[in-house]
Amino acid sequence: MSTNNMADPRRQNKILRYKPPSTETNPTLEDPTPDYMNLLGMIFSMCGLMLKLKWCAWIAVYCSFISFANSRSSEDTKQMMSSFMLSISAVVMSYLQNPQPMSPPW
């Protein structure tokens, strides 16, 4: 094991740890996709709950997953989790009221 360290061609003084660029100095680096998907998920889940449209409820779940997948760990997760739970409740409520499968739109 020690012989590998002697033959290691990397220079220890040139190794730098990666630091992500801060969004305070450059606001264009912030990605608005999670916020848009969170808003779309809430709109679709409200349409699914109020209008009893199953496809709206499923789109809300899809948007919530995208929002969760694209979010940063430093963001507030309460709003994201509430959007996710709202979309799940829209799917559950739409199937509790009408347990028939969705009919294709064509």
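Under an unreviewed UniProt entry, the protein has the name PAT complex subunit Asterix and belongs to Fundulus heteroclitus. In its Subcellular location (unreviewed entry) section, UniProt records this for the protein: "Membrane". In its Sequence similarities (unreviewed entry) section, the UniProt record describing the protein reads: "Belongs to the Asterix family."

(A) Summary view of the packing of aromatic side chains. Summed over the entire model, instances satisfying the criterion amount to two aromatic pairs. Summarising the aromatic geometry, the rings of Trp58 and Tyr95 are spaced 6.3 Å apart at their centres and angled 70° between planes, so their arrangement reads as edge-to-face. Of this pair, Trp58 sits in helix α3 (residues 54-70) while Tyr95 sits in helix α4 (residues 77-97), and the two are 37 residues apart along the sequence. With a relative accessible area of 43%, Trp58 lands in the partly exposed category.

(B) Expanded view of the side chain of Ser83. By the element assignment, Ser83 lies in helix α4. Reaching out from Ser83, the side chain makes a polar contact with the side chain of Ser64 at a distance of 3.5 Å.

(C) Geometry of the confidence of the model for the protein. Here the protein shows a mean pLDDT of 84. Residues at 70 or above account for 90%. Predicted confidence in the protein is weakest over helix α1 (residues 2-6), with a mean pLDDT of 60, and strongest over α3, with 92.

(D) Structural detail: the packing of α3 against α4. The contact between α3 and α4 brings their axes to 8 Å, and the two run at 155°. Relative to α4, the element α3 is oriented roughly antiparallel. As for the relative orientation of α3 and α4, their crossing is left-handed in sense. For the pair α3 and α4, contact is made by Lys54, Ala57, Trp58, Ala60, Val61, Ser64, Phe65, Ser67 and Phe68 and by Met80, Ser83, Phe84, Ser87, Ile88, Ala90, Val91, Ser94 and Tyr95, respectively. Grouping the amino acids of the contact of α3 with α4 by side-chain chemistry returns 12 nonpolar, five polar and one charged.

Rules behind the numbers
- Residues numbered from 1 in each chain as written.
- Predicted model: local features only at pLDDT ≥ 70, side-chain atom pairs only at ≥ 80, totals over all residues.
- Heavy atoms only, no water.
- UniProt positions renumbered as here; feature names shortened; annotations may be inferred.
- Phe/Tyr/Trp six-rings, centres within 6.5 Å; stacked < 30°, edge-to-face > 60°.
- Helix = DSSP H or I, 4+ residues; strand = E, 2+ residues; numbered from the N terminus.
- Buried < 20%, exposed > 50% of the residue type's maximum accessible area, 1.4 Å probe, protein only.
- Polar contact = N/O pair within 3.5 Å; in protein donor to acceptor, adjacent residues only side chain to side chain.
- pLDDT = per-residue confidence, 0-100.
- Axes fitted to C-alpha atoms, helices over the stretch in contact; angles between N-to-C directions.
- Parallel < 35°, antiparallel > 145°, perpendicular 65-115°, else oblique.
- Left-handed = near helix turned anticlockwise from the far one by under 90°.
- Contact = heavy atoms within 4.5 Å.
- Nonpolar A, V, L, I, M, F, W, Y, C, P; charged D, E, K, R; others polar.

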